[in-house]
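# Secondary and tertiary structure notes
Residues per chain, in single letters:
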Amino acid sequence: MSALDILDGCAAELARDTGPAIAPARPVLRERGQREVFCGLTGIIWLHRKMQDAFFLVVGSRTCAHLLQSAAGVMIFAEPRFATAIMEERDLAGMVDAQDELDRVVNRLLERRPDIRTLFLVGSCPSEVIKLDLAKAAQRLGAVHMPRVRILNYSGSGIETTFTQGEDACLSALVPVMPALAADAPKELLIVGSLPDIVEDQFLRLFAEMGIAKVGCLPARNARDLPSVGPGTRYLLAQPFLGETAMALEGRGAQRIEALFPFGVDGTSDWLRAAGEAFGIDRDLTEQVIAPGRARAARALANLRPQLEGKRITFLPDSQLEVPLARFLQDELGMELVEVGTPYLHRAHLARELDRFGPNVRLSEGQHLDRQLDRVRADRPDITVCGLGLANPLEGEGLTTKWAIELVFSPIHGFDQAADLAELFARPLRRRDMLEI
Amino acid sequence: MQLAVWTYEGPPHVGAMRVATAMEKLHYVLHAPQGDTYADLLFTMIERRGKRPPVTYTTFEARDLGKDTAQIFQDAAREAVARFKPQAIIVGASCTAELIQDDPAGLSEAMGLPCPVIPLELPSYQRKENWGAAETFYQIVRTLADKSVVREPREGRPARVNILGPTALGFRHRDDLVEIRKILALLGVEVNLVAPLGATPEDITRIGQADFNIVLYPEIADEAARWLEKTFDQPAVRTVPIGVGATRSFIADVAELAGADPTPALGDTSSRMPWWSRSVDSTYLTSKRVFIFGDATHAVAAARIAREELGFEVCGLGCYSREFAREVRAEAARCGIEPLITDDHLAVEDAIAAAAPELVLGTQMERHIAKRLGIPCAVISAPVHVQDFPARHSPQMGFEGANVIFDTWVHPLVMGLEEHLLTMFREDFEFSDEAGASHHAAHSPRKASVQAVSEAPVEDIPAPAMADDDGTLWTVEAERELKKIPFFVRGKARRNTENFAAAEGRRQIDLETLYDAKAHYAR
């Protein structure tokens, strides 16, 4: 059975894209069915480490608590800055007022953890379904605990958010409390999307060398120390999954600097150059600043290219990082893209990325898991990028895989991580060839 | 609302998944939003299964609410049956779907599916994982068992037994089963069925053919076994064969019900644990203080082994499952201690810190607590992590299980002679606290400072002559002497001395007080 036979059944869902950014329109296979992805709560796993003064309180069920602990299992030895307020029968049966219960839990938590300066009340599937108003709760509790603790809310529920959309929801909750940048203030740069500290520092050094004086980061390492935002703000997205945050920033007058996402030599160069142009930096200076990083990255990637060139890869929908990563693997390592699946395709933010895709790349949005796995089995790519629930079963069928979650948990942005990123894909292939058992 | 950081048990539908994943040719259609699929990784990553759990998640979204979530359920069920061709399906709701009240049972009944449908009611906001597994197994057995089965007369044929309880993601279930089969073979007892692990729905139909049942894991199988007792008049063996003594009782119980001679099984020459425990090298294990926490079955078994087979002193005992708390209370009474019945891991952490044991036996949660406190630890019960699904045969049950337990529990402890040397030559610069036991670096406490010698581990208050909470004072001299005591007993020595000083009303802890306390607590 060829992949096309299977596609045939989905022909009705084969929609032509009407977005103005992509011309000519590229067909997108849109699917609905079982999705094998995490919900937005999972973002807490990295967000709580990134923002060191923040605590995340999920208002949900035992399932939510179990999800967080299963996804974060490896980090159990440190007391995390997140917890779940598990709703019980009496909360649902109206025997107690859920808002009163929440007050009690929050007060106890803040007593126990006086180091918390920002508390996120995080909505879940059950809290959304029973329409527990967390915005109201945040407002009420905030009135009590400000200025010591700022209390915000967002939803990481699986009925509304997929995996990395949880970070999008969290950051967009921060935007309204960012200080205002005066209308007449000089332009400032804002990097949007949580990056590992080491990568953030690399970018800040490069911008400083280029002469961009004021650079803020969202999220800031200290959630009470947010950068300003206003009409003078020019922002660069560091992650491709921040649609809501981008809209919230534009609502406050900020303007997006359009660029490729900073993966690989091309992506990182384009991202830095775009900032340079937006700030009127002399082109020669920009080139001079980025040249050493470009050279280092190119050298390091050259070692890995022979291992990946010509290899066929399929991405199952997971983190929304799929499109820019696929572009990097295609353009800089010579890999062949079979199917690039993504939970949600932000056409405007990804327009320049998609332009780079070869004509035969199958682009899919959403998921019908069993049909997609049928396509993987028919395509037999050399490597399949997928979630933790699918990796071992596919390996069991003789298909080499890469866990997608590692792409979210590893430093992969920028020049000096370009080879590390490529290595994440090369290692499973090398291992497959090494093992003689 | 209950504030939780880590939980011992997942929601009840995860228990149902453990049953479904253990079985063959059974499929679970779970009405659930995206994200609940995280549970797959428990099986594929933690247990390293090479197959997807047989679960279809309906994946409804916010925009479907109040519109066609019921239709989504029916489509998913129809597709799953067509694709996987199961002999039976179980249907149910996760916590979110429970709230939207789509009634998967009624919906699937109305569909006229070509296989039996077993509806599950698992109240997510009241119950937890083990209960969910037990209820699921019970419903499967109750629905599928062929009640018209007539047992052949016992004469002229070997006794037949069902082994009930092993599931996916169970702590050493795979290996325990091997040991149980070994014992049954020695007794000449035939296995009619093992369930849920490895059983198909068709297998379950002939569950009534066995003469009796073995309830290997009561948390999962007790409910079903009680129904079988009533329905098919099958008695049950409820002795859980963890430890040498319990294995002997188990063999006797099975032999009695089977009318078999227990001698061949009791005489298993590979049972080494009794001699390992009696050999003089083990003398130093005497009255080691252990803290035990886990599911009720494993915790109670561990307490018996600790007391009767290793000569330990049980200084703490508890479980996270209220359903089986009675057994734990009874065992705690035999140990002369108060039981700890809680699913709040912070309460367990406090109890361990207060008890200052020399060894912790627990779940992955206690492993991390023990690591933080610098106390040796062995894992005895679910929930466990990936490293507790070993590649090698590593049972807990039967005589081989007891051998494994001896090794696993003794291994993290400082060895006898080494313990003496550490006590005698504290000044040796290589006997620093950071070094810990020579053979097991992972269990040593974290490094407190760059200074290698005589540095207190992190849990100690290092500053001498400082008032502590009770206002008592350690003299510089007494503090220095305290540091000569090896780190693995120092916390206890400090606490004992302070309690003694408080009881005696002494305002200052000097050398005299330290040694008076030592004499007071001498055992």
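If you check an unreviewed UniProt entry, chain B appears there as Light-independent protochlorophyllide reductase subunit B from Erythrobacter ramosus. Of chain B, the UniProt comment under Pathway (unreviewed entry) reads exactly: "Porphyrin-containing compound metabolism; bacteriochlorophyll biosynthesis (light-independent)." We quote the UniProt Subunit (unreviewed entry) comment for chain B here in full: "Protochlorophyllide reductase is composed of three subunits; BchL, BchN and BchB. Forms a heterotetramer of two BchB and two BchN subunits."

Looking at an unreviewed UniProt entry, one finds chain A named Light-independent protochlorophyllide reductase subunit N and attributed to Erythrobacter ramosus. Database annotation for chain A, UniProt heading Subunit (unreviewed entry): "Protochlorophyllide reductase is composed of three subunits; BchL, BchN and BchB. Forms a heterotetramer of two BchB and two BchN subunits."

## Some remarks on the overall build of chain B
Check the secondary structure of chain B and you find 21 helices and 16 strands. Across the 523 residues of chain B, 60% fall into the buried class. For chain B, restricting intrachain contacts to residue pairs at least 6 apart in sequence, the fraction spanning at least 24 positions comes to 70%.

## Section: the overall build of chain A
Counting secondary structure elements, chain A contains 18 helices and 15 strands. For chain A, whose C-alpha radius of gyration is 22 Å, the value lies close to the compact-globule estimate of 22 Å for 437 residues. A principal-axis box enclosing the C-alpha atoms of chain A has dimensions of 60 × 55 × 45 Å. Restricting the contact set of chain A to residue pairs at least 6 apart, pairs at least 24 apart contribute 73%. As displayed, chain A has an accessible area near 16200 Å², and 51% of this comes from carbon and sulfur atoms.

## Side note on the pattern of salt bridges
Counted according to the given criterion, the structure contains 65 salt bridges over all chains. Taking the shortest distance from any N to any O, the salt bridge between Lys214 of chain A and Glu188 of chain A comes out at 3.7 Å. One end of the pair, Lys214 of chain A, is in the loop between helix H9 (197–210) and strand E8 (215–218); the other, Glu188 of chain A, is in strand E7 (residues 188–192), and 26 residues separate them in sequence. One salt bridge in this structure joins Arg307 of chain B and Glu308 of chain B, with 3.7 Å as the shortest N-O distance. Sharing partners across several salt bridges, the network here consists of Glu31, Glu339, Arg362, Arg371, Arg375 and Asp379 of chain A.

## Considering the side chain of Thr297 of chain B
Residues and elements named next belong to chain B. Here Thr297 lies in helix H13 (residues 296–309). Here the side chain of Thr297 touches Glu219 through a polar contact of 2.6 Å, side chain to side chain. Once residues within four sequence positions are removed from consideration, Thr297 is found in contact with Pro218, Glu219 and Val240.

## Let's talk about the UniProt feature "domain: Nitrogenase/oxidoreductase component" (unreviewed entry) in chain B
Here, the residues flagged by UniProt with the feature "domain: Nitrogenase/oxidoreductase component" (unreviewed entry) are residues 12–413 of chain B. With 45% helix and 14% strand, residues 12–413 of chain B has its two end C-alpha atoms placed 37 Å apart.

## Description of the sheet that holds strand E10 (residues 289–294) of chain B
What links the strands of a sheet is backbone hydrogen bonding, and the strands pair in either a parallel or an antiparallel sense. All names here are of chain B. Taken together, 5 strands build an open sheet; the order of strands is E12-E11-E10-E13-E14 and the sheet is parallel. Of all strands in the sheet, those with a lone pairing partner are strand E12 (339–341) and strand E14 (377–379), marking the two edges. Each neighbouring strand pair of the sheet contributes to a mean axis angle of 15 degrees, computed without reference to strand direction. Of the pairings in the sheet, the one linking E10 to strand E11 (residues 313–319) comprises 6 bridges and is parallel in character. Residue Ile292 lies in a different strand from E11, and its bridge partner there is Leu317.

## As for helix H5 (residues 98–112) of chain A
Between its first and last C-alpha atoms H5 of chain A spans 21 Å; for 15 residues at 1.5 Å apiece the expected length is 21 Å, and the two agree. Every buried residue of H5 of chain A is listed here: Ala98, Gln99, Glu101, Leu102, Asp103, Val105, Val106, Leu109 and Leu110 of chain A. For H5 of chain A, the secondary structure elements touched by its buried residues are strand E3 (54–60), strand E4 (82–86), helix H4 (89–92), strand E5 (118–123) and helix H7 (134–145) of chain A together with strand E1 (2–4) of chain B. Between the side-chain oxygen of the N-cap and the backbone nitrogen of Gln99 of chain A there are 2.8 Å, and the N-cap of H5 of chain A in question is Asp97 of chain A.

## Let's talk about the confidence of the model for chain A
Averaged over every residue, the pLDDT of chain A is 92; residues scoring 70 or more account for 93%. Throughout residues 1–22 of chain A the model reports pLDDT below 50, and contacts reaching past four residues in sequence, or to other chains, amount to 39 contacts.

## Some details on the packing of H9 of chain A against helix H12 (residues 283–308) of chain A
Residue and element names in this part refer to chain A. Running from N to C, H9 and H12 cross one another at 145 degrees; their axes reach a closest spacing of 9 Å. Relative to H12, H9 is oriented so that their crossing is right-handed. Contacts between H9 and H12 involve Leu206, Glu209 and Met210 from the former and Leu285, Thr286 and Val289 from the latter. By residue class, the composition of the contact of H9 with H12 is 4 nonpolar, 1 polar and 1 charged.

## Here we look at the interface of chain A and chain B
At the junction of the two partners, chain A supplies 66 residues and chain B supplies 57 residues. Between chain A and chain B lies a buried interface of about 5400 Å² when both sides are counted; carbon and sulfur atoms form 59% of it. Where Asp343 of chain B meets Arg62 of chain A, a salt bridge forms, and the shortest distance between an N and an O atom there is 3.9 Å. At the level of elements, E3, helix H3 (62–71), E4, H4, H5, helix H6 (125–129), helix H15 (369–379) and helix H16 (388–396) of chain A are the ones that each hand at least two residues to the side of chain A that touches chain B.

## Quick notes on the sheet that holds E3 of chain A
In space, the 5 strands of this open sheet follow the order E6(A)-E5(A)-E3(A)-E4(A)-E1(B), with mixed pairing throughout. Looking along the sheet, the strands with just one partner apiece sit at the ends: strand E6 (150–155) of chain A together with E1 of chain B. With strand direction ignored, the average angle separating the axes of adjacent strands in the sheet is 25 degrees. Bridging between E3 of chain A and E5 of chain A involves 6 bridges; their strand directions are parallel. Bridge assignment links Val58 of chain A to a residue of E5 of chain A, and that residue is Val122 of chain A. Strands E3, E5 and E6 of chain A of the sheet are contacted by H7 of chain A, whose axis makes an angle of about 170 degrees with E6 of chain A. Most of the contacts of helix H8 (residues 165–174) of chain A go to E6 of chain A, to which it runs at about 140 degrees, and overall it touches E3, E5 and E6 of chain A.

## What to know about the pairing of E4 of chain A
With respect to burial, E4 of chain A is a largely interior element, 5 of its 5 residues being buried. Judged by which residues are buried, E4 of chain A turns out to be covered on both faces: Phe82, Thr84 and Ile86 of chain A on one side and Ala83 and Ala85 of chain A on the other are all buried. One ladder, built from 5 bridges, connects E3 of chain A with E4 of chain A; its direction is parallel. Note that in E4 of chain A the partner of Gly60 of chain A across the bridge is Ile86 of chain A. By the bridge criterion, 3 bridges tie E4 of chain A to E1 of chain B in an arrangement that is antiparallel. When the bridges of E1 of chain B are listed, Ile86 of chain A appears paired with Gln2 of chain B.

## Quick notes on the nonpolar core
Among the nonpolar cores identified, the biggest contains 203 residues, and Phe56, Leu57, Leu119 and Phe207 of chain A are the most heavily contacted of them. Considering every element that reaches this core, the biggest residue donor is helix H18 (residues 418–434) of chain A, with 8 residues. Residue contacts for Leu57 of chain A: discarding those within four places in its chain leaves Ala83, Thr84, Ala85, Leu102, Val105, Val106, Leu109, Leu119, Phe120, Leu121 and Val122 of chain A together with Leu3 of chain B. Within the second largest apolar cluster, 60 residues are counted, among which are Ile180, Leu359, Ile380 and Met397 of chain B.

## Quick word on the packing of H13 of chain B against helix H14 (residues 325–335) of chain B
Residues and elements named next belong to chain B. Put simply, H13 and H14 touch, their axes get as near as 9 Å, and they point 15 degrees apart. The angle between H13 and H14 places the two elements in the roughly parallel class. Considering the relative orientation of H13 and H14, their crossing is left-handed. Along its contact with H13, which presents Ala296, Val300, Ala303, Arg304 and Arg307, the element H14 presents Glu327, Val328, Glu331, Arg334 and Cys335.

The rules behind each value
- Residues numbered from 1 in each chain as written.
- Chains lettered and ligands numbered in written order.
- Predicted model: local features only at pLDDT ≥ 70, side-chain atom pairs only at ≥ 80, totals over all residues.
- Heavy atoms only, no water.
- UniProt positions renumbered as here; feature names shortened; annotations may be inferred.
- Helix = DSSP H or I, 4+ residues; strand = E, 2+ residues; numbered from the N terminus.
- Buried < 20%, exposed > 50% of the residue type's maximum accessible area, 1.4 Å probe, protein only.
- Contact = heavy atoms within 4.5 Å.
- Rg over C-alpha atoms; globule rule 2.2 N^0.38 Å.
- Areas by Shrake-Rupley, 256 points an atom, 1.4 Å probe, with all protein chains shown as cover.
- Salt bridge = Lys/Arg side-chain N within 4 Å of Asp/Glu carboxyl O.
- Polar contact = N/O pair within 3.5 Å; in protein donor to acceptor, adjacent residues only side chain to side chain.
- Pairing = 2+ DSSP bridges.
- Axes fitted to C-alpha atoms, helices over the stretch in contact; angles between N-to-C directions.
- Expected span 1.5 Å × (residues − 1).
- pLDDT = per-residue confidence, 0-100.
- Left-handed = near helix turned anticlockwise from the far one by under 90°.
- Nonpolar A, V, L, I, M, F, W, Y, C, P; charged D, E, K, R; others polar.
- Buried area = accessible area lost by both parts, 1.4 Å probe.
- Core = buried A, V, L, I, M, F, W, Y, C linked by side-chain atoms within 4.5 Å.
- Parallel < 35°, antiparallel > 145°, perpendicular 65-115°, else oblique.

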